[in-house]
Amino acid sequence: MHELAAQWERRGHDSQQVELIALVRSTAVHLRSGADVVLAAHGLSREIFDILAALYRADGDTFVTQAQLAGQMFVTQAGMKKRLGRLHEMGLVTRSVDPKDARQYQLALTDDGRAVLDGVLDEFFAAEAASLGGLAEADQRQLIRLLQRLLAHKPG
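Residues numbered from 1 in each chain as written. Predicted model: local features only at pLDDT ≥ 70, side-chain atom pairs only at ≥ 80, totals over all residues. Heavy atoms only, no water.

**Student:** Even after reading the chapter, I still don't get the nonpolar core, so can you show me in this structure?
**Tutor:** Proteins that are soluble and globular tend to have nonpolar side chains buried together. Ranked by size, the top nonpolar core spans 28 residues in total, and within it Phe-49, Ile-51, Leu-52, Leu-55, Leu-69 and Leu-87 carry the most contacts. Ranked by residues supplied to this core, first place goes to helix α3 (residues 46–58) with eight residues. (Core = buried A, V, L, I, M, F, W, Y, C linked by side-chain atoms within 4.5 Å. Buried < 20%, exposed > 50% of the residue type's maximum accessible area, 1.4 Å probe, protein only. Helix = DSSP H or I, 4+ residues; strand = E, 2+ residues; numbered from the N terminus.)

**Student:** What is the right way to read the sheet that holds strand β3 (residues 101–109) from this model?
**Tutor:** Across a sheet, strands are paired by hydrogen bonds formed along the backbone, either parallel or antiparallel in direction. Pairing in this open sheet of three strands is antiparallel, and the strands run β1-β3-β2 from one edge to the other. Only two strands of the sheet have a single partner each, and these edge strands are β1 (64–65) and β2 (93–98). Pairing geometry for β2 and β3, over six bridges, is antiparallel. Paired with Arg-95 across the two strands is Leu-107, which belongs to β3. (Pairing = 2+ DSSP bridges.)

**Student:** Would you mind showing me how to read the packing of helix α4 (residues 66–73) against helix α5 (residues 77–89) here?
**Tutor:** The geometry of a pair of packed helices is captured by two quantities: the angle between their axes and the separation between those axes. Orientation of α4 relative to α5, taken along the N-to-C sense of each, is 110°, at an axis distance of 9 Å. Between α4 and α5, the crossing angle belongs to the class labelled roughly perpendicular. Where α4 crosses over α5, the handedness of that crossing is right-handed. Residue-level contacts link Gln-66, Ala-67, Leu-69, Ala-70 and Met-73 of α4 to Gln-77, Met-80, Lys-81 and Leu-84 of α5. Residue classes in the contact of α4 with α5 are distributed as six nonpolar, two polar and one charged. (Axes fitted to C-alpha atoms, helices over the stretch in contact; angles between N-to-C directions. Parallel < 35°, antiparallel > 145°, perpendicular 65-115°, else oblique. Left-handed = near helix turned anticlockwise from the far one by under 90°. Contact = heavy atoms within 4.5 Å. Nonpolar A, V, L, I, M, F, W, Y, C, P; charged D, E, K, R; others polar.)

**Student:** So what exactly am I meant to see when it comes to the confidence of the model for the protein here?
**Tutor:** Detailed conclusions should not be drawn from predicted coordinates in areas where pLDDT is low. Model confidence for the protein is summarised by a mean pLDDT of 87, while 96% of its residues fall at 70 or above. Across the protein, element-level confidence peaks in helix α6 (residues 111–131) with a mean pLDDT of 94 and bottoms out in helix α1 (residues 2–10) with 71. (pLDDT = per-residue confidence, 0-100.)

**Student:** Please explain the pattern of salt bridges as it appears in this structure.
**Tutor:** All told, the structure shown has seven salt bridges when counted by the stated rule. With a closest N to O distance of 3.9 Å, Asp-36 and Arg-32 form a salt bridge. You can see Asp-36 and its partner Arg-32 sitting in helix α2 (residues 15–41), four residues apart, about one turn around the helix. For Asp-36, a relative accessible area of 25% gives the class partly exposed. Judged by its relative accessible area of 42%, Arg-32 is partly exposed. Here Arg-86 makes a salt bridge to Glu-47, at a shortest N to O gap of 3.0 Å. With Arg-86 in helix α5 and Glu-47 in helix α3, this pair connects stretches of sequence that are 39 residues apart. Here Arg-86 falls in the partly exposed class, since its relative accessible area comes to 37%. Each of Arg-32, Asp-36 and Arg-46 takes part in salt bridges that share partners, so that together they form one network. (Salt bridge = Lys/Arg side-chain N within 4 Å of Asp/Glu carboxyl O.)

Below, the structure written as C-alpha cells:
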C-alpha cells in the first residue's frame, strides 16, 4: 500500500488519502474472505446468507417485505425477487401476500431456513472475529467510532 501511495505522491496527489482508501478497501476484502470460506463450506453465498440472516434477525418481531430487503441490501426489486424465488424453491423462505398490500409479499424463514443459519452462525462469527486479527476491544471501539464518523459525512 505504501508504494502505491508513494507513486501517487510523486504525481502530486495526497498520498495519505490514497493510502487510507486503499487500506479501507483491502480491509473490506480481508474481513469478508474468512467468513465467505465458511459460508461456501456450508453451500451458501454471501447474498443468500445476508437474506437469511435478515429474516432470522426479524423472526418473530414482524414480517419483512421484499422491498425492505432490497433496500437494506442495495439491490433492485427484480434482483431481490429472483433471490427470494430461489430461496423459496429451496424451502428456506416462505412468501405470502401482504393482507394490507397485495403488491407486497411478507417473508419469513422456514424451519429449514432457521436450521441452515443455526448450523453456520457460530462458525461464521468465529471467522469474523479471527479476521479482526486480534484487535483489542478498545481498538475495535475506536475503529467503530472513526468509521461511523467517516460514514456520517459521506457525500450525498
